[in-house]
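Residue-level structure breakdown
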Amino acid sequence: MTQTDIRKVAVAIADRGYDILIGGGLIAGAGREIAARLPGIRAAIVTDENVAGRHLAALKEGLEAAGIAGQVLTVMPGEATKRFEVLEKVVDGILEARLERGDAVIALGGGVVGDLAGFASGIVRRGMHLVQVPTSLLAQVDSSVGGKTGINTPRGKNLVGVFKQPALVLADIDALDTLPPREFAAGYAEIVKYGLIDKPDFFAWLEDNRAAVFSGGSARSEAIAVSCRAKAEIVARDEMENGDRALLNLGHTFGHALEAATRFDGTRLVHGEGVAIGLALAHRFSARLGLAPQQDAERVEAHLAAAGLPCRLSDVPGGLPSAEVLMDYIAQDKKVSRGTLTFILTRGIGRAFIARDVAPVDVLGFLRENLEP
Ligand code: NAD
Ligand code: ZN
């Protein structure tokens, strides 16, 4: 397959800048792109079973054509793969293939594979090259950009990991054609998030072009490119998450609480669905506090609903625990400092800000109202 309509987002991070390429045919073309940037390397390809069945052959063929020998390490799909035992197997597979520091780990898959393989690439031989080939929409617009990698422990999600910037990210938009529709919609919530943070024109563009983004082609590439650029800009300003990077958590405080309340089981709620409800709630809560226009909250909700995403607490199948229990999850996630919560609130569409003085009692009251049928 030939590469089509390729967009490039250059990520500027001190001395470790890299390109994100977005477009069609990039999995088949990966060998050539990698060889051009990292000549003479060998590679370990980490992927999961779902993705391997659909996209591994094209990647391998392109790598071989470019003279890159690749050892394949396949893991089980799903969040449970982000754990120490699996990391150990991946690390061992890379070492068994006798790869050196100058060689590369290629992460072919969604955010689970990207986080796991990225972490392995950051620690084997004190850091090998990493090439991200994200195959889920969420991974293309979020997890493959920004350099966070890691695994979960029984004490919580993403608690162990390293910052590891990739040498290259290849986002093949055609790969998304095999993604389950529910996963595509979930990734779309993160795209909407970038508009809501500080790109009101992009949000308006999404309102006009949602169907085209879902069906593929150039609108899809454009939405992914804008999202990658948005995340890359915020990350370049704040790589280690001391300030502005927190804006990326818009919708995530409520979202994480909902994921925790549904035990991260991935059937009742996937991450992006929690984020979608979280985005709607963050806008409604901001309106409730008199910070943002009510009609903006309604616009956000209408757009998420049109995309087939949940946007109310009552949309969570199987019901939710009480407002008090949800509040506990929020407090655990956010750490209450001096009796107040840090929250990403908004003054309206595209005008999100970090609020460090949110009163827990206001959140609790808001949750109670929203839990009522
Ligand atoms: P995932 O990797 O589990 O992928 C979702 C599902 O889609 C899986 O079953 C996977 O096998 C399948 N899949 C992926 N690509 C496919 C394709 N092209 N065709 C068919 N099936 C495909 O989950 P995700 O939503 O991609 O990522 C979620 C993970 O990302 C979480 O672990 C989260 O913590 C992490 N994350 C990390 C960051 C970061 O900055 N590092 C940011 C956001 C999320
Ligand atoms: Zn997210």
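Predicted model, so just to flag it, every value in this text is computed and none were measured.

How two aromatic rings sit relative to each other is given by the distance of their centres and the angle of their planes. The tally for this structure, following the rule as stated, stands at eight aromatic pairs. On the numbers, 6.0 Å between centres and 15° between planes, the contact of Phe202 with Trp205 is stacked. Taken as a pair, Phe202 and Trp205 lie in helix H7 (residues 200-215) at a separation of three residues, close to a single helical turn. The exposure class assigned to Trp205 is partly exposed, which follows from its relative accessible area of 26%. Through a chain of ring-to-ring contacts, three or more aromatic side chains come together here, namely Phe254, Phe285, Phe343 and Phe366. Here the guanidinium or amino end of Lys193 rests over the ring plane of Tyr194, the centre of that ring lying 5.2 Å away.

The next point concerns the site of ligand 1. Around ligand 1 sit 26 residues, and of these Asp48, Glu79, Gly111, Ser136 and Thr178 come closest. Within the side chain of Asp115, a nitrogen or oxygen atom sits 2.9 Å from a nitrogen atom of ligand 1. In the model, a nitrogen atom of ligand 1 is placed 3.0 Å from a nitrogen or oxygen of the Ala175 main chain. Summarising the interface, the protein chains cover 88% of the accessible area of ligand 1, which totals 850 Å² for the free molecule.

Looking at the metal site, the zinc ion (ligand 2) is ligated by Glu190 (OE), His252 (NE2) and His271 (NE2), spaced 2.0 to 2.1 Å from it. Mapped onto the sequence, the residues coordinating the zinc ion (ligand 2) show the spacing E-x61-H-x18-H. Highlighted residues: Glu190 in helix H6 (residues 181-198) and His271 in helix H10 (residues 271-288), separated in sequence by 81 residues. The exposure class of Glu190 is buried, given its relative accessible area of 0%. Residue His271 is classed as partly exposed on the basis of its relative accessible area of 24%.

In this section: the packing of H7 against helix H11 (residues 294-306). Packing of H7 against H11 leaves a shortest axis separation of 11 Å and a crossing angle of 35°. The element H7 and its partner H11 pack so that their crossing is left-handed. Mapping the contact onto sequence places Phe203, Ala204, Leu206, Glu207 and Arg210 in H7 and Arg299, Val300, His303 and Ala306 in H11. When grouped by side-chain class, the residues that make up the contact of H7 with H11 number five nonpolar, one polar and three charged.

Quick look at the nonpolar core now. By size, the foremost hydrophobic cluster in this structure holds 54 residues, and its most contacted members are Ile20, Ile22, Leu137, Tyr188 and Leu304. Among the elements that take part in this core, helix H8 (residues 218-237) stands out by supplying 10 residues, more than any other. The contacts of Leu137, once residues within four sequence positions are left out, are Leu176, Leu179, Phe184, Gly187, Tyr188, Ile191 and Ile224. If you look at the next biggest cluster of nonpolar residues, it comprises 26 residues, including Phe285, Leu341, Phe343 and Val363.

Mapped onto the fold, Asp48 is located in strand E3 (residues 43-48). This buried residue, Asp48, is left without a salt bridge; Arg54 holds the nearest opposite charge, at 6.9 Å. For Asp48, the side chain forms a polar contact with the main-chain nitrogen of Asn50, separated by 3.0 Å. Reaching out from Asp48, the side chain makes a polar contact with the backbone nitrogen of Val51 at a distance of 2.9 Å. Once you skip the residues sitting within four places of it in the chain, Asp48 turns out to touch Thr74, Val75, Met76, Pro77, Leu108 and Val113.

In this section: the side chain of Asn370. Take Asn370: it is sitting in helix H13 (residues 360-371). There is a polar contact of 2.3 Å between the side chain of Asn370 and the side chain of Arg284. Among residues more than four places away in sequence, those in contact with Asn370 are Leu281, Arg284 and Leu313.

The next subject is the sheet that holds strand E9 (residues 168-172). Pairing is mixed in the open sheet, where seven strands are placed in the order E1-E2-E9-E6-E5-E3-E4. Bordering the open sheet on either side are strand E1 (4-11) and strand E4 (70-75), each of which pairs with just one other strand. Strand-to-strand twist across the sheet, computed as the mean angle between neighbouring axes with direction ignored, equals 15°. Examined bridge by bridge, strand E6 (residues 129-134) and E9 share two bridges and lie parallel to one another. Residue pairing across strands places Gln132 opposite Val169, the latter belonging to E9. Relative to E3, helix H2 (residues 49-65) is tilted by about 155°, and along the sheet it contacts E3, E4 and strand E5 (104-109).

Let us now look at the pairing of strand E2 (residues 18-24). For E2, a buried count of seven out of seven residues is recorded, marking the element as mostly surrounded by other parts of the structure. Bridge count between E1 and E2: six bridges; the pairing is antiparallel. From the neighbouring strand, Val9 faces E2, where its bridge partner is Ile20. The loop that links E1 with its antiparallel partner E2 comprises six residues; one of these, Ala14, has a positive phi angle of about 35°. Pairing between E2 and E9: five bridges, direction parallel. Bridge assignment links Asp19 to a residue of E9, and that residue is Leu168.

What counts as what
Residues numbered from 1 in each chain as written. Chains lettered and ligands numbered in written order. Predicted model: local features only at pLDDT ≥ 70, side-chain atom pairs only at ≥ 80, totals over all residues. Heavy atoms only, no water. Phe/Tyr/Trp six-rings, centres within 6.5 Å; stacked < 30°, edge-to-face > 60°. Helix = DSSP H or I, 4+ residues; strand = E, 2+ residues; numbered from the N terminus. Buried < 20%, exposed > 50% of the residue type's maximum accessible area, 1.4 Å probe, protein only. Lys NZ or Arg CZ within 6 Å of the ring centre and 35° of its normal. Near = heavy atom within 4 Å. Polar contact = N/O pair within 3.5 Å; in protein donor to acceptor, adjacent residues only side chain to side chain. Areas by Shrake-Rupley, 256 points an atom, 1.4 Å probe, with all protein chains shown as cover. Donors = N, O, S within 2.8 Å, 3.2 Å for Na, K, Ca; no water. Axes fitted to C-alpha atoms, helices over the stretch in contact; angles between N-to-C directions. Left-handed = near helix turned anticlockwise from the far one by under 90°. Contact = heavy atoms within 4.5 Å. Nonpolar A, V, L, I, M, F, W, Y, C, P; charged D, E, K, R; others polar. Core = buried A, V, L, I, M, F, W, Y, C linked by side-chain atoms within 4.5 Å. Lys, Arg positive; Asp, Glu negative; His and termini not counted. Salt bridge = Lys/Arg side-chain N within 4 Å of Asp/Glu carboxyl O. Pairing = 2+ DSSP bridges.

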